[in-house]
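Residues per chain, in single letters:
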Amino acid sequence: MNEFDVSLPDEFCVVTDYIKDVLLDIRYFSTFNFVGARVDGYLDPVAILTKKAVSQLEKACVEFKKHGYIIKIYDAYRPQSAVDHFVRWGKDVKDLRTKEYFYPEIDKAKCFELDFIATRSSHSRGSTIDLTLFDEKTGMDLDMGGPFDYFGDLSHADYKDITKVQYDNRMLLREVMIKYGFRPFNGEWWHFTLIDEPFKDTYFNFPVKNYKKV
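Read on for an overview of the structure. It should be emphasised that the depicted structure is a prediction, and the values quoted were computed from it without experimental measurement.

For the rest of this paragraph, the subject is the side chain of Asp75. You can see Asp75 is positioned in strand S4 (residues 69–75). Residue Asp75 is classed as buried on the basis of its relative accessible area, which comes to 1%. A polar contact is formed between the side chain of Asp75 and the side chain of Tyr42, at a distance of 2.8 Å. Asp75 has contacts with Tyr28, Tyr42, His123, Ile129 and Asp130, leaving out every residue within four places of it along the chain.

Here you go:
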């Protein structure tokens, strides 16, 4: 048996099996990410979370819907193999293919020192999600004043050098997610972890793929 010949743990689920009105933009399945390649462990462009996190996320989605918005997910559960891929990328200081878009303001060699890359991620515990909001009326993402996975101050949730509309959009995302039990990470406006996460000390390594619902 290899690492991909596994079943989805009972406590986890594919998000879209339970929340239908959601968009997916799983960046680490694509090449449009700071690594510049599909990341190890992503076999399908799906989002997986603990069932406990999905239950709370569904409540947040109902509230966002009242504003005319649905969520767009960039990443959810992330296998340890993907985190290891990030670490290898971070150590390869000569690979600067994505610098212009994702980290133009910093020296790649400082990615670890500045906490943009780490050997462990809360995503691997299964109750962390990266997301934004999509406006059903305009057919566009809400303007958050900065892109997903940008390495720099611009990504701080409370960054002030953006427009009022952009800042208010960030705060709406933040306030609703907090209301339904998620803890924000100030360094990344898109990043939230379920406060009462079921696996506080366990880092999983099963792949991200489209498991069949049982």
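The buried fraction of S4 amounts to seven of the seven residues, a majority that puts the element mostly inside the structure. As paired strands, strand S2 (residues 23–24) and S4 are joined by two bridges and run parallel to one another. Opposite Leu23, over in S4, you have Lys72 as the bridge partner. Taken together, the six bridges between S4 and strand S5 (residues 128–135) define a ladder with antiparallel strand orientation. Bridging from a neighbouring strand, Asp75 pairs with Asp130 of S5.

Counted according to the given criterion, the structure contains twelve salt bridges. A salt bridge links Lys72 to Asp141; the shortest N-O distance between them is 2.9 Å. One end of the pair, Lys72, is in strand S4; the other, Asp141, is in strand S6 (residues 140–141), with 69 residues separating them in the sequence. Residue Lys72 is classed as buried on the basis of its relative accessible area, which comes to 14%. Salt-bridge contacts for Arg78 lead to Asp130; the nearest nitrogen and oxygen are separated by 3.6 Å.

Calculation notes
Residues numbered from 1 in each chain as written. Predicted model: local features only at pLDDT ≥ 70, side-chain atom pairs only at ≥ 80, totals over all residues. Heavy atoms only, no water. Helix = DSSP H or I, 4+ residues; strand = E, 2+ residues; numbered from the N terminus. Buried < 20%, exposed > 50% of the residue type's maximum accessible area, 1.4 Å probe, protein only. Polar contact = N/O pair within 3.5 Å; in protein donor to acceptor, adjacent residues only side chain to side chain. Contact = heavy atoms within 4.5 Å. Pairing = 2+ DSSP bridges. Salt bridge = Lys/Arg side-chain N within 4 Å of Asp/Glu carboxyl O.

Shape descriptors only; they carry no functional weight alone.
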